[in-house]
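Report on the structure
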Amino acid sequence: MNTAANNRIALSAVLITLNADKQIAEALESLQFCADLVVVDSNSTDDTIEIAQKCGARVVQQDWLGFGPQKQFAVTQATHDWVLCLDADERVTPELERSIRAVIQQAEQGLLPVDVAGFDMPRCNFFLGRYLRHGEGYPDYSRRLFNRKMANWSNDAVHEKVECTIPDTRFEKLEGDLLHESAESLESYLTKQNRYTSIQAQHLAAHGRWPGLGKLMLSPVVRFIKFYLVRKGFLDGWPGLVHIAIGCFNSFMKYAKTRELMQQKRER
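Residues numbered from 1 in each chain as written. Predicted model: local features only at pLDDT ≥ 70, side-chain atom pairs only at ≥ 80, totals over all residues. Heavy atoms only, no water.

1. Brief notes about the state of the cysteines
Following the criterion strictly, the structure yields zero disulfides and no others. In this model C124 remains outside any disulfide bridge; the closest cysteine sulfur is found in C248, 20 Å from its own. We classify C248 as buried; its relative accessible area is 8%. (Disulfide = S-S within 2.5 Å. Buried < 20%, exposed > 50% of the residue type's maximum accessible area, 1.4 Å probe, protein only.)

See the structure below:
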């Protein structure tokens, strides 16, 4: 008798992947308490698919749609209405698993308040050799567990979020950390952030949101004060300083790129 299989709960864990063979196994191992494992892959050329299948996941191929649409497509592939959405470099801790088990059991027994659409969980980010416990690195609440009949992913190409689809519904918070085990170098992290700010700028420019010079100059300052001083990012040492400094620079570049795009559009 497979004890682990018998101990699984009526929950679908869904992940989107692209060339994640160095990370996917640990993510899926932390999700073995879920009865349904779904991986939506965007044509990986490494061993992602084979590893996911060995870990018991169903693999579905889907060309890249953008983060929000891709994650929502993955949700539609789930067997259960309650879904847990993870990235390949994230892991569920034992404490978080216990919290998830408890709320799914409540949902099955009809004990969960009918206006609860899902749950936020504290995410702990690994950056430059340490877990960040302050600033914008923690608790970094992430909305990952929800009932797809009551919520879904936004259509944003980047910085997507889970939104309620039923009026007067809400999200509660779970205990236990979701570990973000990003092992990328500072160079690759900066490259990714550069791509994200370009996508954000394109979105703002498309909606005609011209950022004034005040927003351009003050948003990084406000961000630094909030996360480095008020939320004590300085306690995370130099990794905390670097993490927040990049966030401030991203804020500046997002608006600078938006102004550039809108200026180019006016000139045309």
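2. Looking at a nonpolar patch on the surface
Together, V221, I225, L229, V230, F234 and L235 make up a nonpolar patch on the protein surface, roughly 530 Å² of accessible area in all. Following the sequence through the fold, V221 ends up in helix α7 (residues 213-230). V221 gets classed as partly exposed once you look at its relative accessible area, which sits at 44%. (Patch = residues over 30% accessible without salt bridge, like charges linked within 9 Å, V, L, I, M, F, W, Y side chains within 5 Å. Areas by Shrake-Rupley, 256 points an atom, 1.4 Å probe, with all protein chains shown as cover. Salt bridge = Lys/Arg side-chain N within 4 Å of Asp/Glu carboxyl O. Helix = DSSP H or I, 4+ residues; strand = E, 2+ residues; numbered from the N terminus.)

3. What to know about empty space enclosed by the protein
Taken as a whole and judged by the stated rule, the model has one cavity of 30 Å³ or more. By volume, the largest cavity is sized at about 70 Å³. Tallied by class, residues from the lining of the largest cavity come to seven nonpolar, no polar and three charged. (1 Å grid on protein atoms, 1.4 Å probe; cavity = no way out; pocket = protein on both sides within 12 Å on 5 of 7 lines; lining within 4 Å. Points joined across faces, edges and corners; volume = space filled by probe spheres on them. Nonpolar A, V, L, I, M, F, W, Y, C, P; charged D, E, K, R; others polar.)

4. Quick word on the pattern of salt bridges
In the structure shown here, the tally under the stated rule is 18 salt bridges. R101 serves as the salt-bridge partner of E97, at 3.0 Å between the closest nitrogen and oxygen. Remark: R101 and E97 occur in helix α5 (residues 94-108); sequence separation between them is four residues, near one turn of the helix. Take E97: its relative accessible area is 23%, and that puts it in the partly exposed class. The salt bridge partner of R223 is E136, with a shortest N-O separation of 2.8 Å. Within this pair, whereas R223 is found in helix α7, its partner E136 is found in the loop between β7 (130-131) and β8 (141-147), the two being separated by 87 residues in sequence. Here R223 falls in the partly exposed class, since its relative accessible area comes to 29%. One salt-bridge network, held together by shared partners, links E90, R123, D140 and R144.

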